[in-house]
Amino acid sequence: MSVLSKLQEAVVCLKAGRVTLPYPVKSQPVPEKFRGRPLFDAAKCTGCGGCANNCPAREILLFDLCQEIRIVQYLGRRCTYCGRCADVCPEKAITMSHEFETGTNAIGDIQQRVELFMSTCQRCGRCFKEPSALEQLKLKGYRVDDVAHERWVFRSKSYLETEPAVDDIKIEMD
Amino acid sequence: MVAREKLNQLKEKFGPAVQRADMPCDERLFVFVEASALKAVCQFLFRDLNARYVIGIGMDDRPFSGQFMVAHDFAFDEDHLLCSVLAHVPADNPQVDSISDVVPAANWAEREIHDLIGIEPVGHRYLKRLVLPDGWPDGAHPLRKDFAWNQVPEGYDDTREFKFDDPPEGCTVVPFGPFHPTLDEPAHFRLYIEGEMVRGCEYRGFMVHRGIEKLAESVLTYNDIPMMAERICGICGCVHNVAYAQAVESAAAIKPPPRAEYIRTIMLEIERLHSHLLWVGLACHIVGFDTLFMQSWRIREPIMWIAEKISGNRKTYALCVIGGVRWDITPEVKNELRKLLDKLEAEWTPVVAAVSKDKNIQKRTHGIGVADRALVKNMGLVGPVARAAGVDIDCRRDHPYAAYDRLDFEVITEGGCDVWSRVLVRAKEVFESIKIIRQCLEKMEDGPLQLTIKDELPVGRLGLSSVEAPRGESHHFVITGENNRPRRWRVRAPTYQNLQGIPAMIKDQQLADMTISLGSIDPCFSCTDRLETIDLKSGATKVWTQDELLKLTRTKKA
């Protein structure tokens with residue numbers, strides 16, 4: 001009886017043939033829905049903080065450098081790629097990419113930092129990011145990725161201009 | 001009306017000691033009893049009413065009621081009832097009668113309550129440290145509410161040594177683990193060997209603690225926890241994810257939409273398929289039968305791929321949120337899944353046919369790691385270990401959740417009580433899982449995936465949920481709380497009970513059979529070790545010492 005089952009097992013093996021994939025020389029394509037490393041799109045992000053509030057691993061931090069600059073930082077250390085941030089993002093600024101080979105010695109390769117310029121509402125004083133691309137264009141001189149150059153930083157005023165709101169932005173140039 | 005019936009029986013027997021009861025539905029019963037009557041009530045449930053012991057839970061309820069709380073969960077499998085017996089314990093004198101001499105299965109649970117909450121089970125025969133690491137100071141109890149989640153206790157002493165029991169006379173100590181080629185996770189067994197025979201052992205586990213329960217009640221929020229619960233286990237993560245969501249839903253009286261229930265069922269069964277194939281492979285690998293190891297893993301691989309396609313990841317499905325699921329099963333995936341199941345069935349059938357007659361593997365597994373009905377009852381063993389001993393329990397049928405009440409399947413049992421029977425149970429359950437998924441695909445109705453929950457979840461409600469993981473029943477206990485997070489969340493993974501049966505299973509067999517016996521319960525140490533600590537060393541249970549073994553595990557029948 002045992003001989004027979006050995007033969008059957010041999011048939012199973014022979015039928016299967018060679019199935020090992022040539023990874024890592026060649027990697028398999030991942031499915032469309034694959035949840036890899038999350039990518040943050042600075043152009044779409046409005047700094048609402050929904051991702052930071054909903055990250056189970058607390059890997060997305062939100063802090064304000066000043067009234068106008070908000071930093072969204074993705075630390076990427078213990079992120080579990082659950083995709084909750086992408087789920088809750090109202091602007092679809094976070095996408096779960098197809099990257100999975102994220103092993104690295106330098107954590108900076110994985111971390112992402114989004115620096116957002118937040119305008120101040122002239123009525124309530126709270127910060128917001130201009131909703132439309134057109135409004136963002138008014139912020140000439142400000143570069144999203146250039147916090148280091150502080151002279152670009154816009155300072156809001158706490159009072160309303162008497163002039164119409166269209167022309168109320170003055171960039172401090174040196 | 002089973003719940004009311006049981007309650008009436010309790011009232012009749014114990015009268016005013018039964019303080020109040022909650023019956024949110026016919027499948028759940030919460031009985032509050034006087035602490036002095038707790039032991040008698042548990043004995044009555046366990047011995048006279050023949051309930052299965054599930055777990056003991058300690059809670060620090062001082063901020064709310066000014067007292068500690070202890071709960072013991074029981075399951076009436078034939079009556080489809082989960083029952084929790086709760087008792088308040090005074091804050092100034094946290095002591096409660098130990099139930100472990102009438103319910104041996106409560107041994108670890110009580111030691112854990114003692115370690116983490118600081119409620120002393122009076123009369124416990126072996127109150128050695130179980131969960132906390134060696135260097136942890138006495139008197140610091142991490143699950144108390146006044147202990148911060150990131151607190152390092154004062155007086156932590158790295159150099160403090162754990163005191164092991166002396167081996168019985170004539171025995172040599174053979175250390176097994178924490179790192180060993182056949183252990184996938186760290187755990188330490190001190191085996192007492194006489195010649196080639198194992199006469200007993202002492203277990204130190206709980207080395208991979210991540211403090212998930214503490215985090216859940218102090219840092220995370222309701223919808224964060226499912227993603228973390230999933231990380232409790234690398235094999236049956238989805239089980240914890242679903243069980244947690246269901247426990248909260250049952251506490252808050254939320255019913256997820258039917259489509260979500262079917263999707264949960266499908267994902268759970270996909271997980272079972274991969275887990276059973278993985279385990280059969282591993283068990284064969286342990287006894288040196290690598291052919292089957294390779295083949296069953298080959299057959300398993302497409303299951304991982306389809307899971308990846310549905311959920312976005314091979315293993316961590318991140319499936320549930322409270323009130324629904326996150327991923328849909330599209331018609332395209334549905335077709336693919338059907339084809340995959342056909343292929344799987346066609347491939348698995350000849351493997352099972354060949355292996356079930358293979359003398360070599362039978363010789364290595366017959367009569368090894370025996371866990372008989374008495375041990376199953378006394379230690380509360382669950383899953384394939386219980387079913388291989390002819391104990392017909394399966395939460396999918398006994399405590400139906402998700403869509404299992406609308407499906408037709410069989411519960412596989414075997415009578416051999418040994419490793420071989422467990423192999424057979426698991427190999428055959430693969431076909432049942434295939435059957436279940438096929439029915440789900442057939443019956444799945446259209447509809448929303450998630451419920452819109454507008455109100456805050458009610459506070460202070462109790463919820464229980466049992467989910468049949470591939471290795472046995474996974475039980476979650478939740479008390480809802482303030483600040484969008486539970487007050488207490490207790491996870492009991494199947495290995496927590498099954499490991500307590502190991503000493504009896506390996507006693508008086510050859511050292512060479514130790515690994516497969518241990519492997520046969522499919523131990524998942526990280527499941528068991530989900531609580532609050534940094535590392536290290538549980539104590540031994542009384543069971544380990546040579547002559548006490550049978551006394552505690554087998555002869556204690558009432």
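Shown above is the structure to which this text applies.
For the structure given in this document, a descriptive report is provided here.

Turning our eyes to something else, we now look at the packing of helix 1 (residues 2-16) of chain A against helix 9 (residues 290-311) of chain B. The contact between helix 1 of chain A and helix 9 of chain B brings their axes to 11 Å, and the two run at 45°. Judged by the inter-axis angle, helix 1 of chain A sits oblique to helix 9 of chain B. Relative to helix 9 of chain B, the crossing made by helix 1 of chain A is left-handed. Judged by residue contacts, Val12, Cys13 and Ala16 of chain A of helix 1 of chain A engage Thr291, Gln295 and Arg298 of chain B from helix 9 of chain B.

Our next topic: the interface of chain A and chain B. Listed per partner, the contact involves 26 residues of chain A and 35 residues of chain B. Each partner contributes to the roughly 2,500 Å² buried at the junction of chain A and chain B, and carbon and sulfur atoms together form 55% of this total. Arg326 of chain B is the salt-bridge partner of Asp87 of chain A, the closest N and O atoms lying 2.8 Å from each other. Run the count over chain A and chain B and you get twelve residue pairs in polar contact (both at pLDDT 80 or more). If you list the elements that add at least two residues to the side of chain A that touches chain B, you get helix 1 and helix 3 (84-88) of chain A. The leading source of residues in the side of chain A that touches chain B is helix 1 of chain A, at eight residues. Among the residues making up the side of chain A that touches chain B, the classes are represented as twelve nonpolar, seven polar and seven charged.

Here we take up unusual backbone geometry. Cis geometry is found at the peptide bond from Tyr23 of chain A to Pro24 of chain A, where omega equals 5°. Here Pro24 of chain A is to be found in the loop between helix 1 and strand 1 (38-40). The backbone of Ala402 of chain B sits at a positive phi, close to 45°, despite the residue not being glycine. With respect to the helices and strands, the residue Ala402 of chain B is situated in the loop between helix 14 (395-398) and helix 15 (419-443). Notably, Asn483 of chain B is not glycine yet its phi reads approximately 55°, a positive angle. Following the sequence through the fold, Asn483 of chain B ends up in the loop between strand 14 (472-479) and strand 15 (488-492). The exposed category is assigned to Asn483 of chain B, whose relative accessible area is 61%.

The rules behind these values
- Residues numbered from 1 in each chain as written.
- Chains lettered and ligands numbered in written order.
- Predicted model: local features only at pLDDT ≥ 70, side-chain atom pairs only at ≥ 80, totals over all residues.
- Heavy atoms only, no water.
- Axes fitted to C-alpha atoms, helices over the stretch in contact; angles between N-to-C directions.
- Helix = DSSP H or I, 4+ residues; strand = E, 2+ residues; numbered from the N terminus.
- Parallel < 35°, antiparallel > 145°, perpendicular 65-115°, else oblique.
- Left-handed = near helix turned anticlockwise from the far one by under 90°.
- Contact = heavy atoms within 4.5 Å.
- Buried area = accessible area lost by both parts, 1.4 Å probe.
- Salt bridge = Lys/Arg side-chain N within 4 Å of Asp/Glu carboxyl O.
- Polar contact = N/O pair within 3.5 Å; in protein donor to acceptor, adjacent residues only side chain to side chain.
- Nonpolar A, V, L, I, M, F, W, Y, C, P; charged D, E, K, R; others polar.
- Buried < 20%, exposed > 50% of the residue type's maximum accessible area, 1.4 Å probe, protein only.

Worth remembering: the numbers are spatial, not functional.
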